[in-house]
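One-letter residues, chain by chain:
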Amino acid sequence: MAFFKVNQYAHSLGYQNQYSVYIPDSLNTSKQVDVVYLYHGMWGNRIDFERYNIDMLAEKFQVVLVFVEVHNSYYLNTLSGERFYDYVSEEIPTNLNRIFGLQVKTNSVIGISMGGYGAMYVGLNKKYDNIANLSGAVILQNRIDNTDDKRFAWVIKELKNEHCIEKLLLNQVESRIYSYCGTNDFLWEDNYQINQLIVKNGCDYKISSDDGDHNFESWNNQIPQVFNYFFGGQANDND
Amino acid sequence: MIMINIDYTSQALKRKSEFIVLLPEQQRVDNILLLLHGRGDDKTAWIHYTNITRYNQSSLIIIPSGDASFYLNQVGGAQYQDYLEELINFVESRFNLTNIKLNIAGNSMGGFGSLALVQKSCIQFDTIGLFSPAIKLSTEYLEGYPNTLLHSELKSVIKGELKIKQMANNIFLYCGKNDKFYNDCLEFSNQYEVELLSDEYGHEWDAWDKWIKIYMERL
């Protein structure tokens, strides 16, 4: 295995930031590759996903993993001038091409909580091939209305249609969407509403639920299923 | 400057190893520099004690940890020399770099490791940078050094005379006049007709910071 922890100046942010890249040794990167971005949640960073055994799934499905880090920005270009949306959706892909020479076959994104919002927001706007929303804070208006924590308030000047997943889902969606939320999760209602729109949209989707709460115990159960949904057709069962 | 810490499963060492890759922020990479640290240090030493990241214009710098191995294949132990070759191949492949210049350099034990690899390997290096290299290893120098199995091989680093003679013009040799290795370097310089660069420094980082800058400007 090889795990690359990159420290690099981020033009979209104005400072040196970190991201990590996992490339299976057996993957030939002179050909086009499948790239999976992993979006952490609030209170988190890229290490949340690194600690999970997600590299075994990368080996099984022969994909490149990219662990990004965006503070509590909701993966948006923020009021403070840190352009996290540009960073994850444009600057990092450019870096991957420049440093590792990666040519992309498919883009996928898996996000938890705030990262679930980010996965839908970036994935739908950038027309990613696969999107997984795990217990996402998918209705931004509800988060704005319900939070009394001013540290998290608020990253953008005004809420526009492009920020609202419920609006984006009114367009025709080419991405395949995996959407999970447990019934004991405080975001269950938000996800229930979004899932209705996913079903209505007519895109390829899989909706999953159990009695899980808002924690990694629930997400760890889901992540292998997400990979199976994304890449199941090309899994190498010999591993 | 881009710094990448890489967790990597080495076939040669048969274990996980971490190494560092440094890349210039803007410029195109047109050469690889394999940079080896000295005894008692690890992969972070060149970054901590010198300004190589500021001096670097166009190199992809690979810095592994050589522990106290002298970068040799150890009898019944880890194959550090093979590890260096493995790293070069891995980096060329993963960073999409082919047919570019390849350089190797190191201070003290790292200078020894550079010479040893150049002589043994099929890989062609364009330049060798030797900063106060440990060329002859005296008994005193090796005292307290744990891998006693190595001692006989250590003393005979200069075996491939032909290869060194062929590369003499591309060897950058520095040693300070107050360095314990100065006389050995002088002898090496005379024997192989390699210019010896020198000043008043001893075996110390101030010297290597000054001279690595000059070496890197020539890459």
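My aim in this report is to walk through the structure given alongside it, one point at a time. (Residues numbered from 1 in each chain as written. Chains lettered and ligands numbered in written order. Predicted model: local features only at pLDDT ≥ 70, side-chain atom pairs only at ≥ 80, totals over all residues. Heavy atoms only, no water.)

A few words on the overall build of chain A. In terms of helices and strands, chain A carries 8 helices and 8 strands. Taking 239 residues into account, the globule formula puts the C-alpha radius of gyration at 18 Å, and chain A, at 17 Å, falls close to it. Looking at the 239 residues of chain A, the share that counts as buried comes to 56%. Taking all contacts inside chain A whose residues are at least 6 apart in sequence as the whole, residues at least 24 apart take part in 72%. Carbon and sulfur atoms make up 43% of the accessible area of chain A, which totals about 10200 Å². The positive charge centre, built from 19 side chains, and the negative charge centre, built from 29, are 6 Å apart in chain A. (Helix = DSSP H or I, 4+ residues; strand = E, 2+ residues; numbered from the N terminus. Rg over C-alpha atoms; globule rule 2.2 N^0.38 Å. Buried < 20%, exposed > 50% of the residue type's maximum accessible area, 1.4 Å probe, protein only. Contact = heavy atoms within 4.5 Å. Areas by Shrake-Rupley, 256 points an atom, 1.4 Å probe, with all protein chains shown as cover. Lys, Arg positive; Asp, Glu negative; His and termini not counted. Charge placed at Lys NZ, Arg CZ, Asp CG, Glu CD.)

Before going further, it helps to examine the side chain of A:E82. Residues and elements named next belong to chain A. The residue E82 is located in the loop between strand 4 (64-67) and helix 3 (84-100) in this model. Buried charge E82 goes without a salt bridge, the closest partner of opposite sign being R83 at 11 Å. Reaching out from E82, the side chain makes a polar contact with the side chain of S80 at a distance of 2.8 Å. Excluding its chain neighbours within four sequence positions, the residues that come into contact with E82 are S12, L13, Y15, H71, L76 and N77. (Salt bridge = Lys/Arg side-chain N within 4 Å of Asp/Glu carboxyl O. Polar contact = N/O pair within 3.5 Å; in protein donor to acceptor, adjacent residues only side chain to side chain.)

Taken together, the contacts link 20 residues of chain A with 21 residues of chain B. Our count for the chain A to chain B interface comes out at 2 salt bridges. For the salt bridge of B:E18 with A:K5, the shortest nitrogen-to-oxygen distance reads 3.4 Å. Remark: the boundary between chain A and chain B carries 13 residue pairs in polar contact (both at pLDDT 80 or more). Mapped by element, the contributors of at least two residues to the side of chain A that touches chain B are strand 1 (2-10), strand 2 (15-23) and helix 3 of chain A. Top element by residues in the side of chain A that touches chain B is strand 1 of chain A. It accounts for 8 residues.

Residues and elements named next belong to chain A. In a regular helix each residue adds 1.5 Å, so 12 residues correspond to 16 Å; helix 4 (residues 114-125) covers 16 Å between its end C-alpha atoms and thus fits that length. Of all 12 residues in helix 4, 11 are buried; the element is thus mostly enclosed. Of the residues making up helix 4, those classed as buried are M114, G115, G116, Y117, G118, A119, M120, Y121, V122, G123 and L124. K127 occupies a position one or two residues after helix 4 and carries a positive phi of about 55 degrees. (Expected span 1.5 Å × (residues − 1).)

For the rest of this paragraph, the subject is the packing of helix 3 (residues 80-94) of chain B against helix 4 (residues 109-120) of chain B. All names here are of chain B. One way to put it is that helix 3 packs onto helix 4 with a least axis distance of 11 Å and a crossing angle of 75 degrees. As summarised for this structure, helix 3 and helix 4 are arranged roughly perpendicular, according to the angle between their axes. Taken together, the residues of helix 4 that come into contact with helix 3 (itself represented by Q81, L84 and E85) are A116, L117 and K120. By residue class, the composition of the contact of helix 3 with helix 4 is 3 nonpolar, 1 polar and 2 charged. (Axes fitted to C-alpha atoms, helices over the stretch in contact; angles between N-to-C directions. Parallel < 35°, antiparallel > 145°, perpendicular 65-115°, else oblique. Nonpolar A, V, L, I, M, F, W, Y, C, P; charged D, E, K, R; others polar.)

A word on the packing of aromatic side chains. Tallied over the full model, the rule gives 34 aromatic pairs over all chains. Plain terms: the ring middles of A:Y37 and A:Y128 are 6.0 Å apart, the flat faces sit at 25 degrees to each other, and that makes the pair stacked. In this pair, A:Y37 is assigned in strand 3 (residues 33-39) and A:Y128 in the loop between helix 4 and strand 6 (130-134), connecting sequence segments 91 residues apart. Considered together, A:Y37 and A:Y128 belong to a single accessibility category, that of buried residues. Each member of the aromatic cluster is reached from another via a ring pair, and the members are B:W46, B:Y49, B:F131, B:F172, B:Y174, B:W205, B:W208, B:W211 and B:Y215. Taking the ring centre of B:F181 as reference, the NZ or CZ of B:K180 above it sits at 5.4 Å. (Phe/Tyr/Trp six-rings, centres within 6.5 Å; stacked < 30°, edge-to-face > 60°. Lys NZ or Arg CZ within 6 Å of the ring centre and 35° of its normal.)

On inspection of all chains with the given rule, the structure shows 11 salt bridges over all chains. A salt bridge links A:E69 to A:R46; its shortest N-O distance comes to 2.7 Å. One end of the pair, A:E69, is in the loop between strand 4 and helix 3; the other, A:R46, is in the loop between strand 3 and helix 1 (47-51), with 23 residues separating them in the sequence. Take A:R46: its relative accessible area is 13%, and that puts it in the buried class. A salt bridge links B:E217 to B:K213; the shortest N-O distance between them is 3.4 Å. You can see B:E217 and its partner B:K213 sitting in helix 9 (residues 205-217), 4 residues apart, about one turn around the helix. Among the charged side chains, a network of salt bridges with common partners joins A:K5, B:D7 and B:E18.

Attention shifts here to a nonpolar patch on the surface. Residues and elements named next belong to chain A. A surface patch of nonpolar side chains, about 230 Å² in accessible area, is lined by V199, Y205 and I207. With respect to the helices and strands, V199 occurs in helix 7 (residues 188-201). Residue class for V199 comes out partly exposed when judged on its relative accessible area of 40%. (Patch = residues over 30% accessible without salt bridge, like charges linked within 9 Å, V, L, I, M, F, W, Y side chains within 5 Å.)

Here the focus is the side chain of A:N201. Residues and elements named next belong to chain A. Take N201: it is sitting in helix 7. Look at N201 and you get buried, because its relative accessible area is 17%. Of note is the side chain of N201, whose polar atom sits 2.6 Å from the backbone oxygen of L169. Separated by 2.6 Å, the side chain of N201 and the backbone oxygen of N171 make a polar contact.

Our next topic: helix 8 (residues 216-231) of chain A. Residue and element names in this part refer to chain A. Over its 16 residues, helix 8 runs 22 Å from end to end, which matches the ideal 22 Å to within 8%, given 1.5 Å per residue. A maximum bend of about 30 degrees is found in helix 8 at Q222, where proline P224 lies one to four positions downstream. Listing the buried residues of helix 8 in full gives S218, W219, Q222, I223, V226, F227, Y229, F230 and F231. (Bend = angle between axes of the 7 residues up to and from the residue.)

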